[in-house]
Every structure is written in structure tokens, then in C-alpha cells.
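Next come the chains, spelled out residue by residue.
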Amino acid sequence: DSGVTQTPKHLITATGQRVTLRCSPRSGDLSVYWYQQSLDQGLQFLIQYYNGEERAKGNILERFSAQQFPDLHSELNLSSLELGDSALYFCASSATSGFTDTQYFGPGTRLTVL
Amino acid sequence: KNQVEQSPQSLIILEGKNCTLQCNYTVSPFSNLRWYKQDTGRGPVSLTIMTFSENTKSNGRYTATLDADTKQSSLHITASQLSDSASYICVVSAPGGYNKLIFGAGTRLAVHP
């Protein structure tokens, strides 16, 4: 158990809908990261937040947005969902924003768009 | 173009045997290289992180090596166990932050009794 929690574990929705994925980092960690893992594209970095502020942005679509709240939990919002958005979404956390910090991954949310 | 290539794509070994997984990259300039272990359907677990100045790093039975000159890394697993069955992902980063991460496709390892 990494100490990172993600909810929900599974999510099934229809095209065009909007969903919110939630992540609670390990106690004391200030950085939160979101990753997408699909069968055809592998693991991809989406976005990083550090202590409430956006730090780095990867291949995140404009239909996706994220935020980190004062209690350090984070939410990833996915809107106008398409079939291709079906994937595993992982949240990770680390103590600081340091580039060689160990990241601890949560169990993931499996999103299925029908 | 920055790329990370892992080989082999998949590997089957017997319990107790050693194995070596390869990661070749073209990322330049280079900042650091990470190896992750990912069990099916679960989140990746960090094994090692190496900067350009490090050439070996161990984590229990896992030893990663890095040759920044030839742009090659390997992950050596000693005395394999059934629990080592997983995908192993190599991630290379250029300087500048997490948006510079380049992910390999992974090597799927199966350890048989």
C-alpha cells in the first residue's frame, strides 16, 4: 500500500459525459501528479501540482483539467468524454517538487467510456 | 526525436534465475532515468532513479546500471521470485521538469515455478 488513495476504483460512463477523479496524496506529500495509461499509448504524464499550484503540464487535453485543494487532495476533471479516453488514470505523490523525488502511485481509476 | 526503447518486449524465466532488461534512449540532453515495476492492474512502483552522474543503483535484488555515453541502461534481477512477474518500465527525462518525461513501452516479465 503506497499511502495514495484514489476514488472511484472503476467508472463507466457514456460519450459526451463529464467525470471527476479524486486523489489523496500520502500524508505530508506536497506534490501530486496525474498519469494516463492506455493499451495503445502506454503511460503518459498529464499534469503536476505542488502545494496547490500547477508546476508542469504534459500531454493533457484541453477537455481535461485538474486542481489541488488546500488540504492537498487533487481532482482530475474529464469532460466531453470520448471512447479514446478509456484508460487507467493514476495519481502519484511525492514529498517535494524535486525532479528526483520518489513518486508513490495510487491504485488507479479505471475509466470506461461507452 | 526523443525515444526510449526497451527490450525484450516480453521474457519468461524460471524462479531462482537471474535476468537483465534493457533500455536504450535517444533523449538528449539527459537529466535522469527511472525504472518502475508495475503489477497488472496496479500502480507503478519506483525501483530506482539515477542521474547522469550515477552508473549503478541497487534496490534489494534489483540493480540498475546506466551508461550515459552509450545511452543505455539495464535492470538486473537476481534470484527471481514469482512476485517479480510484472511489467518493468524505463522512463527517461530531459532537463526541465516532469513534462519532459519519455516513457518506454515496458518489458513484461513472467517468472515460472
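In this report, the structure presented in the accompanying data block is examined. All values derive from a computational prediction rather than experimental measurement.

### Overview of the environment of Met50(B)
Residue and element names in this part refer to chain B. Within the element layout of this structure, Met-50 appears in strand β5 (residues 45–51). Measuring from C-alpha to C-alpha, the distance between Met-50 and Lys-1 comes to 22 Å, with 49 residues separating the pair along the chain. Aside from chain neighbours lying at most four places away, what touches Met-50 is Phe-30, Ser-31, Asn-32, Leu-33, Asn-55, Thr-56, Lys-57, Ala-64, Thr-65, Leu-66 and Ser-73.

### What about the sheet that holds strand β7 (residues 62–67) of chain B?
Residue and element names in this part refer to chain B. Taking strand neighbours across the sheet as the criterion, the five strands line up as β1-β3-β8-β7-β6 in an open arrangement whose pairing is antiparallel. Two strands close off the open sheet at either side, each with one partner strand: β1 (4–7) and β6 (56–59). Recorded for the sheet is a direction-independent mean angle of 15° between the axes of neighbouring strands. As paired elements, β6 and β7 share four bridges and run antiparallel to each other. Bridge pairing in β7 places Thr-56 opposite Thr-65.

### Some thoughts on the pattern of salt bridges
Under the definition given, this model contains five salt bridges over all chains. Between Asp85(A) and Arg63(A) there is a salt bridge; the shortest N-O distance is 2.8 Å. With Asp85(A) in the loop between β8 (74–78) and β9 (87–94) and Arg63(A) in the loop between β6 (53–57) and β7 (64–68), this pair connects stretches of sequence that are 22 residues apart. Taken as a pair, Asp85(A) and Arg63(A) share a single burial class, namely buried. Of the charged contacts, one joins Glu54(B) and Lys57(B) as a salt bridge, the two residues approaching to 3.1 Å between their closest N and O atoms.

Rules behind the numbers
- Each chain has its residues counted from 1, running along the sequence as written.
- Each chain is given a letter, starting from A, and each ligand a number, starting from 1, according to the order in which they appear as written.
- With the structure being a predicted model, the display of local features is reserved for residues of pLDDT at least 70 and the display and counting of side-chain atom pairs for 80 or more, all residues being used for whole-chain, interface and lining totals.
- Values shown for side chains rest on all heavy atoms present in the structure; no hydrogens or waters enter the calculation.
- Under the scheme used here, helices are H or I runs from DSSP no shorter than 4 residues and strands are E runs no shorter than 2 residues, and both carry numbers assigned from the N terminus.
- Contacts between residues were defined by any pair of non-hydrogen atoms, one from each residue, lying within 4.5 Å.
- Strand pairing is defined by DSSP finding a minimum of two bridges between the two strands.
- Between N-to-C directions, angles span 0 to 180 degrees; the directions come from axes that are lines fitted to C-alpha atoms, helices contributing only their stretch in contact.
- When a carboxyl oxygen of Asp or Glu is within 4 Å of a side-chain nitrogen of Lys or Arg, the pair counts as a salt bridge.
- Whether a residue is buried, partly exposed or exposed follows from its accessible area with a 1.4 Å probe, protein chains only, as a fraction of its type maximum: under 20%, in between, or over 50%, in that order.

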